[in-house]
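Listed below are the residues making up each chain.
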Amino acid sequence: MDHQNIASPAHTVTRRNFFKLLGGGVAIILTWSDLFASKEAAIADENSIAAWIHIQENGKIAVFTGKVEVGQNIRTSLTQVVAEELSVPVDAIEMTMGDTLLTPYDRGTYGSLTTPTMAPKLRKAAASLREALADMAAAEWKTDKQSVKVKDGKAVHTSSGKTLSYAALAKGKKLELPLNDKAALTPAEQWTVAGTAVPKIDGKLFVSGKHKYVSDMAVPGMVYGKILRAPSYGATLVSADVEKARISPAVTIVKEKDYVGVVAPDPQTAANALARIDAHWNTTPQPSKANIFAYLKENARDKGNTKEEVEKAFAASNINIKQHFEIQYIAHVPLEPRAAIAIWEGEKLTVWTGTQRPFGVQEELAAEFSISKEKIRVIMPDTGSAYGGKHSGEAAVEAAKLAKVTGKPVKVVWTREEEFKWAYLRPGGLIEAAASVNKEGLITSWEFHNYNSGNAGIDTPYDTANEQIQFHPSKTPLKQGSYRGLAATANVFAIESIMDDLARKLKRDPLDFRLSNLKDERLKNVLQTAATKFGWKKEKKAGHGYGIACGFVKNSYIATCVEVAHDTSSEELKVLRIVAAYDCGTIVNPMHLENQVMGCILQGLGGALFEEIDFEDGKILNPSLSSYRVPRFTDIPPLDIVLINRKDIPSAGAGETPIVGIAPAIRNAILDATGIKLYNLPLIPQGLKTNS
């Protein structure tokens, strides 16, 4: 690895020093104000760059963005949109991502924002560059621009047939150009590179095992670190006798107040030494899973109350439902746990780590060591997975602290147990809901309160005459944070369960009932598309049940149908098949989009059926894959995904929304098969005999 060019103030790329650092050529530079509204732009000064495309004098096309690749294949789709507008093949472009020295500042890769924010601007930048190249060729040939076409990586003089490559046009130039708002984008109907199933860039490196994740990396002189962890949340260190941990002269003990770590030449020696530390802790009573939902409501910062008109409408109807839902905390379970390598060279620090926010980790390190960000370089190699769970830089800080004391490069790789216990979780939550309909089946009142788990997806997509929807933040006893789809998995589960229950009270078909209360044509379309593909109206076998659910999150639409079978004699429940229809606007890469939808649904199976963090008095009780159930190959039924390509609508991010439909669709299928109503996630631990 090249770690020699550690960042310094003089090496930070700005508009002023761009060509001095990166060489001549022609570049389109995007500023933060090009990407975002004034609120976002306020974080950067006039020299701050958000991304750029640079045709170098040798013709190489380089794209730089602070976004990162965590398995969502954004490296491929961003490359596709640039290649499309520049009329070059995908392999003509080299994209550098997530390196705080080489790439522009970026808040992070989260919230399904990369496709709707970065992709259109890179398209516009590439189109601007294409127009600039045409202008330069026209000037070279002393002709009008209308006689010049830019195609296949070169400018062509249509009447004479003369050509100029991009390299020839860029040679000897130092042109930094702004976005050209008049540069026309290639319509989606005419795409030949974007919109196609381009294979994953560097895919062979991943499937052949040649790609180096941080946990695979090694640098000369590197040693391994382990950290002493508290036995439970809220515990504080009283004393730590480290003498027995000195099992070898090669072992170094690092002890600074409550922070205790061990460094050794190999991971096993470090783990053995750590186990010999005699530590004593002060613990305090902590909430447990058994009382968590009462705790979350009691500790809500805003108790709220019911609006009078909602209350009156509810009371006036004799077709109503009042129900609460309990959503357990769950873990992200990335295949690659947190890992980092840290190297100090004087006052300069370089860290390799898998994170969704390399610039956020840079800020964490700057705060921890009280040094300027410019002295810290964070490099994010393409990482296997995150699911919203790698916004923070715990392993990076730990490795850097050990490296600072020992003066050696240090690698820290969390164990699976550490990942379960000390990474943050998808929040648990309590949802209280009440809804009523009139005899025509129209919703007359809708009241919905979410305690703690979040407000993503909390708004009902259905028409309501009176509604009150409120999120109540609470005090969480466990570390919690972002997760794929955020709280939308919980909120949509509750919304779609209520809708099914109302339909059954009215003795209406659940699909027809939903459609009659919807105005959003795209949501209606995914529902009808999924139902048609599924065969919703077809007769089902005895003991089988059909379930349907839909959701709108992050500007995209999902509808999911599920068939289950329940064998009463064996008490076995099987998910037999899943059909999903998804609309996220224009499709950039159908193969990778299908993979995203599939990944969401399969991950959602775990949260729907069996995933839950068990904890008592501040201790996680199931911190291993033998005790925390995740989906297995045998759990996966036939899965049919219908992608709706709306070329008239801008692309939305697709990494989250498809997860929200699977849990309520399974729940509603179980209800259809058994008559049993389940109101908590996960579903399976509730059992099918004791609920009604």
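Residues numbered from 1 in each chain as written. Predicted model: local features only at pLDDT ≥ 70, side-chain atom pairs only at ≥ 80, totals over all residues. Heavy atoms only, no water.

Caption draft 1: Summary view of the overall build of the protein. Assigned secondary structure in the protein consists of 18 helices and 28 strands. Here the C-alpha coordinates of the protein stretch approximately 80 × 75 × 50 Å along the principal axes. Per-residue burial over the protein gives 57% buried out of 692 residues. Look at the contacts in the protein between residues 6 or more apart in sequence, and 75% of them connect residues 24 or more apart. If you sum the accessible surface of the protein, you get close to 28700 Å²; carbon and sulfur atoms cover 50% of it. Across the protein, the mean location of the 82 positive side-chain charges is 2 Å away from that of the 78 negative side-chain charges. (Helix = DSSP H or I, 4+ residues; strand = E, 2+ residues; numbered from the N terminus. Buried < 20%, exposed > 50% of the residue type's maximum accessible area, 1.4 Å probe, protein only. Contact = heavy atoms within 4.5 Å. Areas by Shrake-Rupley, 256 points an atom, 1.4 Å probe, with all protein chains shown as cover. Lys, Arg positive; Asp, Glu negative; His and termini not counted. Charge placed at Lys NZ, Arg CZ, Asp CG, Glu CD.)

Caption draft 2: Geometry of the layout of surface pockets. Taken as a whole, the second largest pocket holds about 680 Å³ of empty space. In terms of lining, the second largest pocket is formed by 26 residues, of which the most central are Arg75, Met95, Thr96, Met97 and Asp382. Of all the secondary-structure elements, those providing two or more residues to the lining of the second largest pocket are helix 4 (74–86), strand 4 (93–97), helix 7 (203–207) and strand 17 (376–379). Counted by class, the lining of the second largest pocket contains 14 nonpolar, four polar and eight charged residues. (1 Å grid on protein atoms, 1.4 Å probe; cavity = no way out; pocket = protein on both sides within 12 Å on 5 of 7 lines; lining within 4 Å. Points joined across faces, edges and corners; volume = space filled by probe spheres on them. Nonpolar A, V, L, I, M, F, W, Y, C, P; charged D, E, K, R; others polar.)

Caption draft 3: The arrangement of helix 4 in detail. With 13 residues, helix 4 extends 18 Å from end C-alpha to end C-alpha; this agrees with the ideal 18 Å at 1.5 Å per step. The buried count for helix 4 comes to 13 of 13 residues, which makes it a mostly enclosed element. At the C-terminal side of helix 4, Ser87 shows a positive phi close to 55°. (Expected span 1.5 Å × (residues − 1).)

Caption draft 4: Layout of the environment of Ile684. Residue position: Ile684 is located in the segment after strand 28 (680–681). The partly exposed category is assigned to Ile684, whose relative accessible area is 41%. Measuring from C-alpha to C-alpha, the distance between Ile684 and Arg667 comes to 9.8 Å, with 17 residues separating the pair along the chain. Residue contacts for Ile684: discarding those within four places in its chain leaves Leu573 and Leu609.

Caption draft 5: Here's a closer look at unusual backbone geometry. Of note, the bond from Leu681 into Pro682 is cis; its omega dihedral lies within 30 degrees of zero at 5°. Residue placement: Pro682 occurs in the segment after strand 28. Of note, Asp202 is a non-glycine position whose phi angle comes to about 65°, a positive value. In this fold, Asp202 is placed in the loop between strand 8 (174–177) and helix 7. For Lys507, which is not glycine, the phi dihedral falls at a positive 60°. You can see Lys507 is positioned in the loop between helix 14 (488–506) and helix 15 (510–516).

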